[in-house]
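These are the residues of each chain, in order.
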Amino acid sequence: MCKKEYLWMIEHLLEKENKKNNLYCEIVNKKEVIKNDKNFNGNYDARLDEKEFEQSAVIIQIKNEKKEKVFIFTLFFIRRELYHIIYVWKKKQERLEKVSIRDYKQCIDKNILLLGYARFSEVELNRKKIGSRHKCIEIYINLIKEIGKKCHSTILVEPEGILKLAKKTEFLESIELGKVYETALGAVDQGGRVTRKLAIILGLKEIEGCYNYYTFGPVFLGNIN
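Rules of the game
Residues numbered from 1 in each chain as written. Predicted model: local features only at pLDDT ≥ 70, side-chain atom pairs only at ≥ 80, totals over all residues. Heavy atoms only, no water. Helix = DSSP H or I, 4+ residues; strand = E, 2+ residues; numbered from the N terminus. Rg over C-alpha atoms; globule rule 2.2 N^0.38 Å. Buried < 20%, exposed > 50% of the residue type's maximum accessible area, 1.4 Å probe, protein only. Contact = heavy atoms within 4.5 Å. 1 Å grid on protein atoms, 1.4 Å probe; cavity = no way out; pocket = protein on both sides within 12 Å on 5 of 7 lines; lining within 4 Å. Points joined across faces, edges and corners; volume = space filled by probe spheres on them. Nonpolar A, V, L, I, M, F, W, Y, C, P; charged D, E, K, R; others polar. Salt bridge = Lys/Arg side-chain N within 4 Å of Asp/Glu carboxyl O. Pairing = 2+ DSSP bridges. Axes fitted to C-alpha atoms, helices over the stretch in contact; angles between N-to-C directions.

J.: Would you take a moment to explain the overall build of the chain for this structure?
T.: The helix and strand inventory of the chain stands at 6 helices and 10 strands. For 225 residues, the compact-globule estimate of 2.2 N^0.38 gives 17 Å, and the chain sits close to it at 18 Å. Projected onto the principal axes, the alpha-carbon positions of the chain cover approximately 55 × 40 × 30 Å. Across the 225 residues of the chain, 49% fall into the buried class. For the chain, the share of sequence-separated contacts (at least 6 apart) that also reach a separation of at least 24 residues comes to 71%.

Shown next as structure tokens:
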């Protein structure tokens, strides 16, 4: 898990949210809890399996008034000395070059708040009524805004694209554009549309010619004023 000062701050913010709502927000202390959670079909952010990402992560779950788990999400607090663990593809002439996020001036001398995997439970998704969904999203956005302001963090959002990085290309430093469906660069899948909308709500800017390292979706960066 991430540094204690972030955990304390988040716990304080969650306490405030818990007093305002009939929902209960809490930090999940171990990734194994969500990896084996049938409420979410065992889905989780795969980056938690990488040591440096796991050490930068905070996993938060929200329960409804019946104590049912309804929403879970992961936030990564990436310190400047760990910028090297975040890569993107940058379009340069006829190639895509693998570059570190530290190459972008928005990140200089700031911690990065990277928004990770977020999803509703199967039960919540299958309800005929909206249930807790609207309130969960409101809490999620409020929390991101508060953290962004208090930590003066640059927020990084990477909506999921419609492509997937092939295993054989994972260690390449560049890819010829001719080997990628260029019209798919920056495009998002159905789930990515929601994330893209969130980035716009937060006032983040899409980096032109820059794409998600794993799925070639768009990349949004910015600060909360």
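J.: Explain the layout of surface pockets to me, please; I cannot follow it from the model alone.
T.: Any empty space left between atoms is shown by rolling a water-sized probe over those atoms. Approximately 1600 Å³ is the volume attributed to the largest pocket. What lines the largest pocket is a set of 44 residues, and nearest its centre among them are Arg-47, Gly-116, Tyr-117, Glu-158 and Glu-160. When contributions to the lining of the largest pocket are tallied by element, the ones reaching two or more residues are strand E6 (112–120), helix H5 (133–151) and helix H6 (190–201). A per-class count over the lining of the largest pocket returns 26 nonpolar, 6 polar and 12 charged. The space that makes up the second largest pocket amounts to roughly 260 Å³. Around the second largest pocket, the lining is made up of 15 residues, and of these Thr-169, Ile-175, Lys-179, Val-180 and Phe-216 lie nearest the centre.

J.: Got a minute to help me understand unusual backbone geometry in this structure?
T.: The bulk of non-glycine residues show a negative phi, and the bulk of peptide bonds are trans. Positioned with a positive phi, Asn-41 is a non-glycine residue whose angle comes to about 60°. A positive phi angle, near 70°, is found at Lys-67, a position not held by glycine. Following the sequence through the fold, Lys-67 ends up in the loop between strand E2 (57–63) and strand E3 (69–78).

J.: Got a minute to help me understand the pattern of salt bridges in this structure?
T.: Between side chains of opposite charge, pairing is possible as soon as their charged atoms come close. If you walk through the whole model with that rule in mind, you get 14 salt bridges. With a closest N to O distance of 2.9 Å, Arg-47 and Asp-45 form a salt bridge. Accessibility expressed as a relative area gives 6% for Asp-45, which makes it buried. A salt bridge links Glu-182 to Lys-91; its shortest N-O distance comes to 2.9 Å. A residue pair is termed long-range when its members are at least 10 positions apart, and Glu-182 in the loop between strand E8 (174–176) and H6 and Lys-91 in strand E4 (residues 87–92) qualify at 91 residues. Among the residues examined, Glu-182 registers a relative accessible area of 42% and is labelled partly exposed. Note on Lys-91: relative accessible area 34%, which makes it partly exposed.

J.: Quick question: what am I supposed to make of the sheet that holds strand E5 (residues 95–100) here?
T.: The mixed open sheet is built from 10 strands, whose spatial order is E1-E2-E3-E6-E7-E10-E9-E4-E5-E8. Two strands bound the open sheet, and with one partner strand each, they are strand E1 (24–28) and E8. Averaged over all pairs of adjacent strands, the angle between their axes in this sheet comes to 35°, without regard to strand direction. Relative to strand E10 (residues 218–223), strand E9 (residues 205–212) runs antiparallel, the two being bridged by 3 bridges. From the neighbouring strand, Lys-205 faces E10, where its bridge partner is Leu-221. Sheet contacts for H6: E6, strand E7 (154–157), E9 and E10; angle to E10, the most-contacted strand, approximately 25°.

J.: Is there a simple way to think about the pairing of E4 in this case?
T.: Regular strands place side chains that alternate from one sheet face to the opposite one. Two strands pair when backbone bridges link them, and E4 and E5 are joined in this way by 6 bridges, in the antiparallel orientation. Paired with Lys-92 across the two strands is Arg-95, which belongs to E5. The loop that links E4 with its antiparallel partner E5 comprises 2 residues; one of these, Gln-93, has a positive phi angle of about 55°. Pairing analysis gives 3 bridges linking E4 to E9, with the strands arranged antiparallel. What sits directly across from Val-88, in E9, is Asn-212.

J.: In this structure, what is going on with the environment of Thr-74? I would like to understand it.
T.: Turning to its location among the elements, Thr-74 is positioned in strand E3. Counting along the chain gives 31 residues from Thr-74 to Asn-43, while the straight-line C-alpha distance between them is 12 Å.

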